[in-house]
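# Structural features, examined
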Amino acid sequence: MRRVNILYIFLGILVTIVALLEGGLRYIGFGNPLLYQADGEMGYLLAPNQKVRRMNNRIWINEYSMRSDPIEKKRPENTLRILLIGDSIANGGWWTDQHETISSLLEKQLKNPKLSQYNQIQVLNASANSWGPRNQLAYLKRYGFFESQVVILLLNTDDFFSGMPNSEAVGKDINYPDHKPALAINELYRRYFPSPEPQKDNTPKPQEKDIVGINLAAIKEIYQVCQANNAQLIIAMTPLLQEVEQSSKEFQQRAKNRLMELAKTESIFYLDFLPRFKQIEPPKSIYRDRIHITPEGNKIVSKYLSEKIEKIIK
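The text that follows walks through the structure, step by step, so that each part is easy to find. Note that the structure is predicted; figures quoted are calculated from it, not measured. (Residues numbered from 1 in each chain as written. Predicted model: local features only at pLDDT ≥ 70, side-chain atom pairs only at ≥ 80, totals over all residues. Heavy atoms only, no water.)

### Remarks on the overall build of the protein
Along the backbone of the protein there are ten helices and nine strands. With the principal axes as the frame, the protein shows a C-alpha extent of 85 × 55 × 40 Å. Expressed as a percentage of the 314 residues in the protein, the buried residues total 49%. Across the protein, the fraction of contacts at a sequence separation of at least 24, relative to all contacts at a separation of at least 6, is 75%. Element-wise, carbon and sulfur atoms account for 55% of the exposed surface of the protein, whose accessible area totals about 16800 Å². One finds the centroid of the 41 positive side-chain charges in the protein at a distance of 3 Å from the centroid of its 34 negative side-chain charges. (Helix = DSSP H or I, 4+ residues; strand = E, 2+ residues; numbered from the N terminus. Buried < 20%, exposed > 50% of the residue type's maximum accessible area, 1.4 Å probe, protein only. Contact = heavy atoms within 4.5 Å. Areas by Shrake-Rupley, 256 points an atom, 1.4 Å probe, with all protein chains shown as cover. Lys, Arg positive; Asp, Glu negative; His and termini not counted. Charge placed at Lys NZ, Arg CZ, Asp CG, Glu CD.)

As structure tokens, then:
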């Protein structure tokens, strides 16, 4: 009898510990990740109509899979509407609160006397982790421009080498879930104690020749679609930390030179943040890893963009 009581006590303590752990994890956002959905043309996009909190950062996704408030597709009268399209840098990820994203900061900075002719200013944020130019072009073809007068294509150096859109990671990769986990503990375990990867198919896959050229062609098509929709395109390029601390590698600089030539030929506004980031000491202070910038870095980007937009908008 005594052993049975001890067993019950042990089980009670174990259940209590598990319940407290589950509750604590859910409090900080585990068990409630942002969901993705596969798409035949875009590869994937954030599932629409989500509102979550992760590590105390608020994240909401509207009906058009944007990291923005709900919107009407038709631009309201006397409104300046700007469409920011990009990857995880534009999106901000779970590590950035909604109000500290580049789009939110830019919207605040543009609400100033220089643009007082507008009743309101909206900066829409169409983005997803690891999106490249071809994903972004597919999004624009699907949803259009929402009557935006300005489109900002926010790129980083790695985007020159992004592959063809595909949905292989959705529902398989912990970073691209398509459903909520049963338990927050389950998500924690999968994230920090992943199962051994299954044996990979070593069959050689065909490589795209001149992947930089393919992505530049997608950027050019984005520009052409902007032109057809009477939208002014701004291409903005953020560097990798390695480029700020040292310099761009030869293959990276060649890709950048090709983009600059395209921008010059087509008269596209082009902003390179590398010179500005090199002025920051130490550079690591505005990076959270090798590629993603902090909220302080977002402030620098949004300020520079607002200055350019104020010059473009009459």
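### Remarks on the pairing of strand β5 (residues 79–86)
Two faces make up the sheet, and in a regular strand the side chains alternate between them. In terms of residue burial, β5 counts as a mostly covered element, since eight of its eight residues are buried. Bridging between β5 and strand β6 (residues 120–127) involves eight bridges; their strand directions are parallel. Paired with Leu83 across the bridge in β6 is Leu124. Bridge analysis of β5 against strand β7 (residues 150–156) gives five bridges, and the strand direction is parallel. Counted as the bridge partner of Leu83 is Val151 from β7. (Pairing = 2+ DSSP bridges.)

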